[in-house]
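Structural overview for review
These are the residues of each chain, in order.
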Amino acid sequence: MATLATPEMDVAHDAFPINGTDYVELYVGNAKQASHYYRTAFGYQLIAYRGPETGVRDRASYLLQQGKIRLVLTTPLGSDSLIAAHVLKHGDGVRDYALWVDDAREAYATALARGAIAVHEPVVHSDADGEVIIAAIATYGDTIHSLVERTNYRGLFLPGFRAITPRYQPADVGLKYVDHCVGNVELGQMNRWVQYYADVMGFRNLITFDDEDISTEYSSLMSKVMANGNDKIKFPINEPASGKKKSQIEEYLDFYGGPGAQHLALATDNIIATVTALRDRGVEFLTAPTSYYRELQDRVGVIDEPLARLEELGILVDRDPDGYLLQIFTKPVEDRPTLFFEIIQRKGAKSFGKGNFKALFEAIEAEQALRGNL
Ligand code: FE2
């Protein structure tokens, strides 16, 4: 059964203050084309660039923005670098879930004193607009958390990036911020990383789902949701549980080459408009069976949105004591069955859609079976 644990925290005594998500950086095989895809399909605006033309020799990075979401797409310019090795091993995937802090040096020192795995010490990056200080610690797999201090910076993003205003700028689709980022780790490793976030950054366990909550006839998983002091950062962590067939988490681990970020949930305040626009632009979503919508009214009661429209779009609904939420999941956005996106609209609900797990995982397994991985 799902269990709620220590739901409230004293923000005034936050053990590791984080203002919010700073940016999410993906290492990709071809950032120029990925940038086109995320703009055209997902409605991001391309606002800055860093590469050989701006004096950086080994990589090219595109900064995309929509609402508060900053997505950095980085590709290696040669085969002999950490970035190239990351792409070779993982395909396109999340390298860095960067956290915005007030004091990067202090945050880094505190994290290390509490057992964080070091990636690099604080580095000062400066240009005419001031300075940004960035340190980094590791999390599961090859994923890292940069700790970004931008108190003394007036520029657009980071030193080295040049603002650009391309003629091609598709309209946004109403995405506002990153609601949560889910990690997949190996069997038996979930509690290790849960403890890591608790020890290093004072995160607390918001909700636990065991394999009885999240199981179908074939496969199952376990999940714990970790949240920081002000609840702006939420990191659910999944591990596979044994079932009759291969868990979707194992499929991810096989194709990603180890642990990593499984999905980013992006918030909208009008999911019907957002998903309609995304579908029109060619984004593919998982679909729920017709039976799901026959039972929906009884399960969630009265909601504002027309059920027929939700069914047409394949949007799922779940209710908790605080309200309800609407959510939908894309298919993986690369050929490997790895990273995908969730679109979520919260109408009071603070949970993660437990009532949808069965329909969702059956849809995922249908796709797994098509790939020959179930
Ligand atoms: Fe999610």
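Residues numbered from 1 in each chain as written. Predicted model: local features only at pLDDT ≥ 70, side-chain atom pairs only at ≥ 80, totals over all residues. Heavy atoms only, no water.

**Focus on the pattern of salt bridges**
Going through the model one piece at a time under the given rule, you end up with 12 salt bridges. With a closest N to O distance of 2.9 Å, Asp22 and Arg150 form a salt bridge. Here Asp22, found in strand 2 (residues 20-27), pairs with Arg150, found in the loop between strand 9 (144-149) and strand 10 (162-163); they are 128 residues apart in sequence, far enough to count as distant. With relative accessibility at 2%, the residue Asp22 sits in the buried group. For Arg150, a relative accessible area of 14% corresponds to the buried category. We note a salt bridge from Arg299 to Asp318, for which the minimum N-O separation is 3.0 Å. Placement of Arg299 in helix 7 (residues 290-300) and of Asp318 in strand 16 (residues 316-320) is noted, with a sequence separation of 19 residues between them. (Salt bridge = Lys/Arg side-chain N within 4 Å of Asp/Glu carboxyl O. Helix = DSSP H or I, 4+ residues; strand = E, 2+ residues; numbered from the N terminus. Buried < 20%, exposed > 50% of the residue type's maximum accessible area, 1.4 Å probe, protein only.)

**Here we look at the domain arrangement of the protein**
Interfaces are often described in size by the accessible area the parts lose on coming together. The domains assigned to the protein are domain 1 (18-163) and domain 2 (173-371). Of note, the centres of domain 1 and domain 2, computed from C-alpha atoms alone, are 25 Å apart. The partner domain 2 presents 41 residues to the 42 residues of domain 1 that form the contact. At the junction of domain 1 with domain 2, the criterion picks out 15 residue pairs in polar contact (both at pLDDT 80 or more). Elements supplying a minimum of two residues to the side of domain 1 that touches domain 2: strand 2, helix 1 (31-42), helix 2 (82-90), strand 6 (93-101) and strand 8 (130-138). Broken down by element, the residue count for the side of domain 1 that touches domain 2 peaks at 6 residues, all from helix 1. For the side of domain 1 that touches domain 2, the residue count by class is 20 nonpolar, 16 polar and 6 charged. (Domains from an automatic or database assignment. Contact = heavy atoms within 4.5 Å. Polar contact = N/O pair within 3.5 Å; in protein donor to acceptor, adjacent residues only side chain to side chain. Nonpolar A, V, L, I, M, F, W, Y, C, P; charged D, E, K, R; others polar.)

**Re the coordination of the iron ion**
Surrounding the iron ion are the protein donor atoms His180 (NE2), His263 (NE2) and Glu342 (OE), at 2.0 to 2.2 Å. Positions of the donor residues of the iron ion, expressed as sequence spacing, correspond to H-x82-H-x78-E. With a gap of 83 residues between them, His180 in strand 11 (residues 175-184) and His263 in strand 15 (residues 260-268) connect regions that are remote in the sequence. For the pair formed by His180 and His263, the shared burial category is buried. (Donors = N, O, S within 2.8 Å, 3.2 Å for Na, K, Ca; no water.)

**As for the packing of aromatic side chains**
Here the structure, examined in full by the defined rule, presents 20 aromatic pairs. Ring centres of Tyr37 and Tyr38 lie 5.1 Å apart, and the angle between their planes is 75°; on these two criteria the pair is classed as edge-to-face. Accessibility expressed as a relative area gives 34% for Tyr37, which makes it partly exposed. The interplanar angle of 35° and the centroid separation of 5.7 Å between the aromatic rings of Tyr38 and Phe42 together place this pair among those described as tilted. With Tyr38 and Phe42 both in helix 1, this residue pair falls 4 residues apart, about one helical turn. Assessed through its relative accessible area of 5%, Tyr38 is described here as buried. Judged by relative accessible area, which is 0%, Phe42 ranks as buried. (Phe/Tyr/Trp six-rings, centres within 6.5 Å; stacked < 30°, edge-to-face > 60°.)

**Quick word on unusual backbone geometry**
Phi at Asp231 is positive, roughly 65°, even though this residue is not glycine. For Asp231, the location among the structural elements is in the loop between strand 13 (220-227) and strand 14 (234-241). With relative accessibility at 30%, the residue Asp231 sits in the partly exposed group.

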